[in-house]
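Structural characterization, general
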Amino acid sequence: MHARFNARWMRRVAGIAGALALIAMAPGERAFAQSGDGGPTIASTPTRAQAADGSYISWREHIIDDLAVGGVALAGSDGLAMADLDLDGHLDVVSVHESDTTYDGVPDGHVRIAYGSADPDTWDLHTLGEGEEVGAAEDVAIGDMNGDGYPDVVVACELAHLIYFENPGAAGRAERWERVIPASTLDRGSYIRVFLADFNDDGRLEVVAANKGGQNPGRGTTEKHPVSWFAIPDEPLDGDAWVEHELARVIVPINSQPFDLDGDGDLDVIGGSRMERRIFWFENVSSGEIAFRGHRIEITPEAVVTGFNMEFADLSGDGRIDIAIRDERNGLSWLEQPADPGGAWRLYPIGGLAPDRLVGFVLTDINGDGRLDAFSGAYSQDPRDADAADLSPSHRAGRLAWFEQPEDPAGTWTRHDVSRRIRGMFDKFLVRDMDGDGDIDLIGTRGNAIPYDGVFWLEQVRSPEPLPAFDQAREKESRQLPLPEQFR
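Everything quoted here is computed from the prediction, not taken from an experiment.

What counts and what doesn't
Residues numbered from 1 in each chain as written. Predicted model: local features only at pLDDT ≥ 70, side-chain atom pairs only at ≥ 80, totals over all residues. Heavy atoms only, no water. Helix = DSSP H or I, 4+ residues; strand = E, 2+ residues; numbered from the N terminus. Rg over C-alpha atoms; globule rule 2.2 N^0.38 Å. Buried < 20%, exposed > 50% of the residue type's maximum accessible area, 1.4 Å probe, protein only. Contact = heavy atoms within 4.5 Å. Lys, Arg positive; Asp, Glu negative; His and termini not counted. Charge placed at Lys NZ, Arg CZ, Asp CG, Glu CD. Pairing = 2+ DSSP bridges. Axes fitted to C-alpha atoms, helices over the stretch in contact; angles between N-to-C directions. Core = buried A, V, L, I, M, F, W, Y, C linked by side-chain atoms within 4.5 Å. Salt bridge = Lys/Arg side-chain N within 4 Å of Asp/Glu carboxyl O. Phe/Tyr/Trp six-rings, centres within 6.5 Å; stacked < 30°, edge-to-face > 60°. pLDDT = per-residue confidence, 0-100. Polar contact = N/O pair within 3.5 Å; in protein donor to acceptor, adjacent residues only side chain to side chain.

Side note on the overall build of the protein chain
Secondary structure summary: the protein chain contains 2 helices and 31 strands in total. Relative to the globule expectation of 23 Å for 488 residues, the C-alpha radius of gyration of the protein chain, 22 Å, shows essentially globular dimensions. Buried residues in the protein chain amount to 57% of all 488 residues. Long-range pairs, those at least 24 residues apart, make up 57% of the contacts in the protein chain with a sequence separation of at least 6. Of the side-chain charges in the protein chain, 44 are positive and 85 negative, and the distance between the mean point of each set is 7 Å.

A word on the sheet that holds strand S11 (residues 191–197)
Sheets are built from strands paired through backbone hydrogen bonds, the pairs being either parallel or antiparallel. What the 4 strands build is an open sheet, ordered S11-S12-S13-S14; its pairing is antiparallel. The sheet is open, and its two borders are formed by S11 and strand S14 (243–251), each paired with just one other strand. When the angles between neighbouring strand axes are averaged without regard to direction, this sheet yields 20 degrees. Sheet topology places strand S13 (residues 224–231) next to S14; 8 bridges connect them, and they run antiparallel. Counted as the bridge partner of valine 227 is alanine 248 from S14.

Focus on the nonpolar core
Formed by 33 residues in total, the largest nonpolar core has its most connected members in Trp59, Phe375 and Ile443. Mapped onto this core, the elements with two or more residues apiece are strand S2 (56–66), strand S3 (77–83), strand S6 (122–130), strand S26 (398–404), strand S28 (429–432), strand S29 (441–446) and strand S30 (454–463). Leaving out residues up to four positions away in the same chain, isoleucine 443 has contacts with Ile64, Leu80, Met82, Lys428, Phe429, Leu430, Arg432, Met434, Val455, Phe456 and Trp457. One finds Ala83, Leu128, Val140 and Cys157 within the second-largest nonpolar core, a separate group that totals 18 residues.

Here we look at the sheet that holds strand S9 (residues 162–166)
Spatial strand order, S7-S8-S9-S10: 4 strands in an open sheet with antiparallel pairing. Two strands close off the open sheet at either side, each with one partner strand: strand S7 (137–143) and strand S10 (178–180). Within the sheet, the average angular offset between the axes of one strand and its neighbour, ignoring direction, is 20 degrees. Direction of pairing for S7 relative to strand S8 (residues 152–157): antiparallel, over a ladder of 6 bridges.

Focus: the pattern of salt bridges
By the definition in use, this model includes 31 salt bridges. Glutamate 246 is paired through a salt bridge with arginine 249; the nearest N and O atoms lie 3.0 Å apart. By relative accessible area, arginine 249 is classed as partly exposed at 42%. One salt-bridge network, in which partners are shared between bridges, spans Glu61, Asp66, Arg421, Arg446, Arg474 and Glu477.

Things to note about the packing of aromatic side chains
One pass over the full model with this rule turns up 9 aromatic pairs. When the centroid spacing of 4.7 Å and the interplanar angle of 25 degrees are considered together, the rings of tryptophan 334 and tyrosine 348 count as stacked. Here tryptophan 334, found in strand S22 (residues 331–336), pairs with tyrosine 348, found in strand S23 (residues 345–351); they are 14 residues apart in sequence, far enough to count as distant. In this pair, the class of tryptophan 334 matches that of tyrosine 348, namely buried.

Brief notes about the environment of phenylalanine 259
Tracing the backbone shows phenylalanine 259 in strand S15 (residues 253–259). It is 31 Å that separates the C-alpha atoms of phenylalanine 259 and isoleucine 63, two residues lying 196 residues apart in sequence. Beyond its immediate chain neighbours, meaning those up to four positions away, phenylalanine 259 contacts Leu267, Asp268, Val269, Ile270, Phe312 and Ile321.

Quick notes on the environment of leucine 237
Along the polypeptide, leucine 237 turns up in the loop between S13 and S14. Here leucine 237 falls in the partly exposed class, since its relative accessible area comes to 29%. Sequence-wise, leucine 237 and glutamate 178 are 59 residues apart; in three dimensions their C-alpha atoms are separated by 7.7 Å. The contact partners of leucine 237, leaving out residues within four places of it in the chain, are Tyr164, Glu166, Glu178, Arg179 and Val180.

Some remarks on the confidence of the model for the protein chain
On average, residues of the protein chain score 92 in pLDDT, and 92% of them reach the 70 mark or higher. Contacts of residues 1–34 to residues separated by more than four positions or lying in other chains number 55 contacts, the stretch itself having pLDDT below 50.

Digging into the environment of asparagine 211
Mapped onto the elements of the fold, asparagine 211 is located in strand S12 (residues 206–211). Accessibility expressed as a relative area gives 1% for asparagine 211, which makes it buried. Excluding residues within four positions of it along the chain, asparagine 211 makes contact with Arg188, Gly189, Ser190, Tyr191, His225, Pro226 and Pro253. From its side chain, asparagine 211 meets the backbone nitrogen of glycine 213 in a polar contact 2.9 Å long.

With respect to the side chain of serine 478
Its place among the elements puts serine 478 in the segment after strand S31 (470–471). The class for serine 478 is buried, based on a relative accessible area of 1%. A distance of 3.0 Å separates a polar side-chain atom of serine 478 from the backbone nitrogen of arginine 423. The contact partners of serine 478, leaving out residues within four places of it in the chain, are Asp387, Arg421, Ile422, Arg423, Arg446 and Tyr452.

Re the pairing of strand S5 (residues 110–115)
Taking burial as the measure, the 6 residues of S5 include 6 buried ones, the bulk of the element. Where strand S4 (residues 92–97) and S5 come together, 5 bridges link them in antiparallel fashion. What sits directly across from valine 96, in S5, is valine 111. Pairing geometry for S5 and S6, over 6 bridges, is antiparallel. Bridge assignment links valine 111 to a residue of S6, and that residue is glycine 129.

Quick notes on unusual backbone geometry
Peptide bonds are trans in most cases, and residues, glycine excluded, mostly fall at negative phi. The omega angle of the peptide bond from alanine 354 to proline 355 is 10 degrees, so this bond is cis rather than trans. Tracing the chain through its elements places proline 355 in the loop between S23 and strand S24 (357–364). Cis peptide bonds are those with omega within 30 degrees of zero, and the linkage from aspartate 382 to proline 383 qualifies with 0 degrees. Relative to the helices and strands, proline 383 resides in the loop between strand S25 (373–379) and S26.

In structure tokens:
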């Protein structure tokens, strides 16, 4: 199933309609569109964010894939990754969608490909997998797993396996991708994250995945499940030949992210346990054979972390890699790696999105001042398929915002709110200059917002004067909310 469209043309039509609507408004109504809930919305408020050159920063939304443009009823949109799948010189997007509004236990899902072009608003949309074989698809990784030069795809499914898709090559848009569910992952519980890494630098990729045991484990569960890496055979389509190696067993493992944490040139694995509320890392000590040594990560002051999303960068400037992570007490925070490998990691707050629940984020230099900022997104609460008419500004909403890093990263980060809609779930953001104008843009998925679930990109707009913070792509949308006064 595929569809081809040009969203720029659609935007022009919507823009003309919007301009006519503004003309019809009374003079005082244009500057601050009201939400109907007692104040100007975040999106309509003129931005205060500025780039290093003094220009103002706002954001324009573009739709890549959703029900309206792709014709597929996407829901529960989660992970995504980018690569040039057909080697035509343009980056493509692979996205995964759970295809539900609640944890219903029904193994359904979609894996979609948006093939890119020279125009960031023109995409060729295809379904790579759907239904039970990608049941509750949650995460995706891309890499050449069979050595033929074309990137392949591996997907983590909450119900309840990994699945490998082999890229057929330049004709991948027209041909079926062969696929296999490795036997060692079949009916294993619930895979939540998946990554690819070459742990022993032999030119071959390994798969890393955490298995939380069930789609929605009970709060009191004590059963442990594995964080594992998988050795891949020369023919990855031989599902019986994938070999699992357990790194550890913990209660509801939620992540297993490869990164060179100790700076010794090889990839380690950083993991987290949702139920134990802690993170840990596995030091790569391979010498020919792949091997790891486990370490706890102690945090001071005490933090409540799971490690579902983590970003890695030297924020302190001391040459050691630090970790950005969500702490349930302090919101988005960063952990400074100690000089003593056995010492405690010190926590510094970045900021929160109260009353909304911050989950997805990415580190990138948004304003061009040479320092990494943090773009973030929040999860809305029920209902997910309609806007309730009686919701107040204190309703937990789908929010976008970014935090500007100060000269001292241990100081106060400045929050710049972008958008706050009743419905939205933002799990992951990728950083790219989509329009080639020299500043960074963002690609992300949105869930919890049927029929608006899917894939979008945010264009960073720089202007000499402040513009409204957010220019949404759709004329009809989930309603924008103001912030409650105490959180402004």
